[in-house]
Amino acid sequence: MAYLADVLEEDPRAKGERLRQLLSKPREVSAPGWKLTMDRFGDASAELKFFLLRDGEVSEVRP
């Protein structure tokens, strides 16, 4: 939903060809705790996060 909201924020009345143009534009969508990158083909990628569970506590670690 965040991706579509970002697209429609540019042109709320976009339809047809204009909507396809907006969707084909690479963009980065941020939300609390994550960031998603969409390429011009609609493929998504995100930074992987790794967590360690030790002694009942969870912590984020860098590989």
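Each remark here, short or long, concerns the structure printed above.
Predicted model, so just to flag it, every value in this text is computed and none were measured. (Residues numbered from 1 in each chain as written. Predicted model: local features only at pLDDT ≥ 70, side-chain atom pairs only at ≥ 80, totals over all residues. Heavy atoms only, no water.)

Q: What exactly am I supposed to notice about the sheet that holds strand 1 (residues 27–31) here?
A: Pairing is antiparallel across the open sheet formed by 3 strands, whose spatial order is 1-2-3. Edge strands, defined here as strands with exactly one partner in the open sheet, are strand 1 and strand 3 (44–46). On average, each strand axis in the sheet is inclined to that of its neighbour by 25°, with strand direction left out of account. Inspection of the sheet shows strand 2 (residues 34–38) paired to strand 3 by 3 bridges, in the antiparallel sense. Counted as the bridge partner of Thr 37 is Ser 45 from strand 3. Strand contacts of helix 1 (residues 2–10): strand 1 and strand 2, with the helix running at about 120° to strand 1, the strand carrying the most contacts. (Pairing = 2+ DSSP bridges. Helix = DSSP H or I, 4+ residues; strand = E, 2+ residues; numbered from the N terminus. Axes fitted to C-alpha atoms, helices over the stretch in contact; angles between N-to-C directions. Contact = heavy atoms within 4.5 Å.)

Q: Quick question: what am I supposed to make of the pairing of strand 2 here?
A: Walk down a regular strand and you will see the side chains alternate between the two sheet faces. Pairing of strand 1 with strand 2, which is carried by 5 bridges, proceeds in the antiparallel orientation. Each residue of the ladder has a partner; that of Glu 28, found in strand 2, is Thr 37. Joining the antiparallel neighbours strand 1 and strand 2 is a turn of 2 residues, in which Gly 33 adopts a positive phi near 90°.

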